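Residue strings, one per chain:
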Amino acid sequence: MTGRRASPHKAQACGTPERSWSRIATVLSLSLALAACQTAGRPAGTSVSANAAAVQTATLPALPGTATTSAGPALAFAPPGQAEPRAHAAIVIDAASGSVLHEEQADALRYPASLTKMMTLYLLFDAVSEGRVSLDTQLSVSARAAGQPPAKIGLRQGGTITVSQAIQALAVKSANDVAVTVAENLGGSEDAFARSMTSKARALGMRRTHFVNASGLPDPRQVTTARDMAILSRALKSRHANRARAFTARSFAYNGRTFEATNNLLGRVAGVDGIKTGYIRLSGYNLAASARRGGRQVIAVVFGGESEGARDREVTALIEQYL
C-alpha cells in the first residue's frame, strides 16, 4: 500500500540576544537530563509474566479528564523520532485498571498503519458527543478524499456519506477515503485534523505518538508505540463505550456492496469484541484487540507481524494467556 508523503517542515530561523545563551544552555542541559531519566526503563525485549505483574505492577497513565483540543486550536508537536520498519512490539493490559501484564519493546517507535483510524474515530465520537455533528450529518466528499488508495469503499467527489456510515466504514473496512472525508469535514483540512489528533494523543497520555494523516497511509513522520495504542484502545472502550461497539461488527453494507471486517478474531476467539487492524509495508501486520470473559477484560496490541496469520496467532495466544 502506498501513499503520498508530505514535504518535511522547514525550520524557522530566529535571532537570540547574546546574554541569553548561557541561560538557554543551562535549560537545555536540564531538559536532556530529565528526558534521559524519563525514558530509562525495562531493557528492550523483556516481558512481565502474569506472576511478576502481581508483584511488580506497571500501569498505564490514568485516563485524564475530557480534553477540548479537538474543537480548538491544536498544538504543534515534533515527531519523537524515526520508527524501525516492520519491527515487533507487544503489550497486554488489564482494561479496567490499566495494569500492564506483558510487554515487549512497548515504548519503541513503530508505524501505526490503520491503527491510526482509532484516533480518527475517537475525534469523530467526540464531535458526536459534543453535538458538533449528529449521526445523520452528511459529510462532503472532496476529490482528494475520493482519490485515496485502497482500502476504500468507493466514495465519489461531490457525494456525501453520513457520520453513521463513516463510523461503520472506518471500524469495519478501514476505508482511507472515509478517513480523509472525516478529517476534512471536522478539521477543515487533513493537516489540521492530524494536528488535533496529536493534541488529543497527548491529552490521553500517549507520549510518543505523532500523527500527520487520518488514515495511516505511509509517512515516516507518523509514529506511535504499542503502549500508546493500548492507551488509545482503552480510552475508546471506556470513554466511548456505546459507539465503540462499531468495532464488533463483522460486516458493513454501503451502496449495494458488503464489506467484511478486517479483524479476523471476531467470532473466532471467545470474547473478542474489537478493536482494529493495520498494515503497510513499513509496519508489518498490526492488531489491537479487546477481549472480555467472566467479567474481566484485556487489551492486546501487537506490531510487526510477519503475516496476517502470524499476527492473529500471537494476539490469540496473548489473550489466552492473560485473560
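Located above this text is the structure these notes cover.
A short tour of the structure in this document, coming up. What you are looking at is a predicted structure, and each value in this text was computed from that prediction instead of being measured.

1. Some details on the packing of helix α3 (residues 116-129) against helix α6 (residues 176-187)
1) Next: At their nearest, the axes of α3 and α6 sit 11 Å apart, and the two run at 40° to each other. Accordingly, the angle class assigned to the pair α3 and α6 is oblique. For the element pair α3 and α6, the recorded crossing hand is left-handed. From α3, K117, T120, L123, L124 and A127 reach across to α6, where they touch N176, A179, V182 and L186.
2) Next: Here the contact of α3 with α6 is composed, by residue class, of 6 nonpolar, 2 polar and 1 charged.

2. Notes on the packing of α6 against helix α7 (residues 190-204)
1) Next: One way to put it is that α6 packs onto α7 with a least axis distance of 8 Å and a crossing angle of 85°. In terms of orientation, α6 and α7 fall into the roughly perpendicular class. Every residue of α7 that contacts α6 at V180, V182, A183, E184, L186 and G187 is listed here: E190, A192 and F193.
2) Next: Partitioning the contact of α6 with α7 into residue classes produces 6 nonpolar, 1 polar and 2 charged.

3. Regarding unusual backbone geometry
1) Next: Between P150 and A151 the backbone carries a cis peptide bond, its omega angle lying at 10°.
2) Next: Inspection of the secondary structure assignment puts A151 in the loop between α4 (143-146) and β5 (160-162).
3) Next: Note the cis peptide between G274 and I275, where omega equals 20°.
4) Next: Looking at where I275 falls in the secondary structure, it is placed in strand β8 (residues 272-280).
5) Next: Look at A113: it is not a glycine, yet its phi comes out positive at around 50°.

4. Some remarks on the environment of A235
1) Next: Counting through the fold element by element, A235 comes out in helix α8 (residues 226-239).
2) Next: Judged by its relative accessible area of 0%, A235 is buried.

5. Digging into the nonpolar core
1) Next: One finds M119, I153, V178, M229, L232 and V301 to be the most contacted residues of the largest nonpolar core, which totals 80 residues.
2) Next: A total of 9 residues in this core trace back to one element, the largest contributor, which is α3.
3) Next: The residues contacting M229, other than those within four sequence positions of it, are P112, L115, M118, M206, F211, T224, V301 and F303.
4) Next: Residues A83, Y111, A113 and V223 belong to the second largest nonpolar core, which totals 6 residues.

6. As for the pattern of salt bridges
1) Next: With the rule as written, the count across this model stands at 11 salt bridges.
2) Next: Here K200 makes a salt bridge to D126, at a shortest N to O gap of 3.1 Å. With K200 in helix α7 and D126 in helix α3, the pair connects residues that are 74 residues apart, well separated along the chain. For the pair K200 and D126, a shared accessibility class is recorded, and that class is buried.
3) Next: Here the salt bridges do not stand alone but share partners, grouping E103, D107 and R227 into one network.

7. Side note on the pairing of strand β9 (residues 284-293)
1) Next: Buried residues dominate β9, accounting for 8 of its 10 residues.
2) Next: Summarising the sheet, β8 and β9 pair through 7 bridges and their orientation is antiparallel. Looking at β9, one finds that G278 is bridged to N286.
3) Next: Note: β9 against strand β10 (residues 296-305), 8 bridges, orientation antiparallel. Residue pairing in the sheet places A291 in a bridge with V298 of β10.
4) Next: Between β9 and β10, which pair antiparallel in sequence order, lie 2 residues; one of them, G294, sits at a positive phi of approximately 55°.

8. A few points about α3
1) Next: Taking 1.5 Å per residue as the helical rise, α3 with its 14 residues ought to reach 20 Å, and the 20 Å between its terminal C-alpha atoms agrees with that figure.
2) Next: Summarising burial for α3: 13 of the 14 residues are buried, a large majority.
3) Next: G131 lies just past α3 and shows a positive phi near 80°.

Rules used throughout
Residues numbered from 1 in each chain as written. Predicted model: local features only at pLDDT ≥ 70, side-chain atom pairs only at ≥ 80, totals over all residues. Heavy atoms only, no water. Axes fitted to C-alpha atoms, helices over the stretch in contact; angles between N-to-C directions. Helix = DSSP H or I, 4+ residues; strand = E, 2+ residues; numbered from the N terminus. Parallel < 35°, antiparallel > 145°, perpendicular 65-115°, else oblique. Left-handed = near helix turned anticlockwise from the far one by under 90°. Contact = heavy atoms within 4.5 Å. Nonpolar A, V, L, I, M, F, W, Y, C, P; charged D, E, K, R; others polar. Buried < 20%, exposed > 50% of the residue type's maximum accessible area, 1.4 Å probe, protein only. Core = buried A, V, L, I, M, F, W, Y, C linked by side-chain atoms within 4.5 Å. Salt bridge = Lys/Arg side-chain N within 4 Å of Asp/Glu carboxyl O. Pairing = 2+ DSSP bridges. Expected span 1.5 Å × (residues − 1).

Don't take any of this as a statement about function, it's just geometry.
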